[in-house]
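# Descriptive structure summary
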Amino acid sequence: DTTVLYVIDKILSLSNSTNGDSIHCIDVGSFIGVITLMMSKTLQKNKKEWRVHSFEPFQETFVRLKKNVNLDAFNNNIKLNNVAVSDTPGIKTLKSYPNTPGQNHIEISTLQNKDTNYQKSVKVITLRYYMYENNINHINICKIDTEGSDKLVIKGLYEYLENRAISYFIFEYENKISYEKIKHILSTNGYTIYFMVRNENIIVNSLENYPKNSKSLLNLIAVSPEEKTNFKKEFNLSD
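Okay, so let's go over this structure.

What counts and what doesn't
Residues numbered from 1 in each chain as written. Predicted model: local features only at pLDDT ≥ 70, side-chain atom pairs only at ≥ 80, totals over all residues. Heavy atoms only, no water. Core = buried A, V, L, I, M, F, W, Y, C linked by side-chain atoms within 4.5 Å. Buried < 20%, exposed > 50% of the residue type's maximum accessible area, 1.4 Å probe, protein only. Contact = heavy atoms within 4.5 Å. Phe/Tyr/Trp six-rings, centres within 6.5 Å; stacked < 30°, edge-to-face > 60°. Helix = DSSP H or I, 4+ residues; strand = E, 2+ residues; numbered from the N terminus. Lys NZ or Arg CZ within 6 Å of the ring centre and 35° of its normal. Expected span 1.5 Å × (residues − 1). Arc of directions from axis to C-beta. Pairing = 2+ DSSP bridges. Axes fitted to C-alpha atoms, helices over the stretch in contact; angles between N-to-C directions.

This brings us to the nonpolar core. Ranked by internal contacts, the top residues of the largest apolar core, which has 36 residues, are Phe55, Leu127, Ile166, Phe169, Phe171 and Leu186. Dropping the residues within four chain positions of it, Ile166 is found in contact with Ile139, Cys142, Leu157, Tyr160, Tyr191 and Ser224.

Put into structure tokens, the structure is as follows:
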């Protein structure tokens, strides 16, 4: 989705969106690194210290991610993590799809799955733990694409979410039920959600304003109250 790339580039290029001594971005479910490398490309223009933290649990995909990142001249600023992210740490089952690896995901249901041909155990951490261990106090953009467990990733931030230590969340609209759960968590903590029109470089403030002829999957951006005014101005959004 070119709109996601466009929005990330524009946000990270804003001088008032990179306050503080350093810049940190998170890419959960980084796959082969498209978003990670986009973040790096934009941040290379910034004079502040910066780092992109990428998470990809599936080993075969992680190898491809690592090869792609190694081609980046600023790869030392990119930290790769071969783990999954959720709301609790531990070991979980990763369901993989060899023909469509972009759909790999952690099994959420506790019900036994009879199809065990493509299941592996994977280490799981929380973003709360990761930020604490790496002494990260603020995240500029946190992009999440976990094929179904985005809500759990967000829940795993705990007090960092309550303190709005993350300026922007970017995630995918999976279905209405999932969206409402995520919306509840984020809106409770003061975030406002906007909808990115796929491949159009346009943002709208409600589903009612989303183009009727666009039936592709939606990508959403949640904006903290501290960033909302500047965000609306930059993307020409009204209340």
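Here the focus is the packing of aromatic side chains. Across all of its chains, the model carries nine aromatic pairs by this definition. Between Tyr179 and Phe195, the aromatic rings sit 5.9 Å apart at their centres with planes inclined by 50 degrees, giving tilted as the arrangement. In this pair, Tyr179 is assigned in helix α7 (residues 176–188) and Phe195 in strand β10 (residues 192–197), connecting sequence segments 16 residues apart. Neither Tyr179 nor Phe195 differs from the other in exposure class; each is buried. Among the aromatic side chains, those forming a connected cluster through ring pairs are Tyr6, Tyr168, Tyr194, Phe231 and Phe235. Above the plane of the ring of Phe235 lies Lys10, whose end atom (NZ or CZ) is 5.0 Å from the centre. One Lys or Arg, Arg128, reaches over the ring of Tyr158 and ends 5.7 Å from the middle of that ring.

Below, the discussion takes up helix α3 (residues 59–70). With twelve residues, α3 extends 16 Å between its outermost C-alpha atoms, agreeing within 8% with the 16 Å of an ideal straight helix rising 1.5 Å per residue. Burial in α3 covers these residues: Thr61, Phe62, Leu65 and Val69. Down the axis of α3, the sector holding all buried residues measures 100 degrees, keeping them to one side. Considering only its buried residues, α3 is in contact with α2 (34–43) and β3 (78–81).

This next bit is on α2. Among the ten residues in α2, seven count as buried, and that is most of the element. Of the positions making up α2, those classed as buried are Ile35, Thr36, Met38, Met39, Ser40, Thr42 and Leu43. Looking at the packing, one finds that the buried side of α2 touches α1 (2–13), β1 (22–28), β2 (49–55), α3, β3 and β8 (139–144).

Next up on the list: the sheet that holds strand β11 (residues 202–204). Pairing within the open sheet is mixed, and its eight strands lie in the order β3-β2-β1-β8-β9-β12-β10-β11. Each of the sheet's edge strands pairs with one partner strand only, and the pair in question is β3 and β11. Each strand axis lies, on average, 20 degrees off the axis of its neighbour in the sheet, ignoring direction. Where β2 and β3 come together, four bridges link them in parallel fashion. Considered in β3, the bridge of His53 is made with Lys79. In the packing of α2 onto the sheet, contacts are made with β1, β2, β3 and β8, and the angle to β2 comes to roughly 175 degrees. Those strands touched by α7 are β9 (166–172), β10 and β12 (219–223), and its axis lies near 135 degrees from that of β10.

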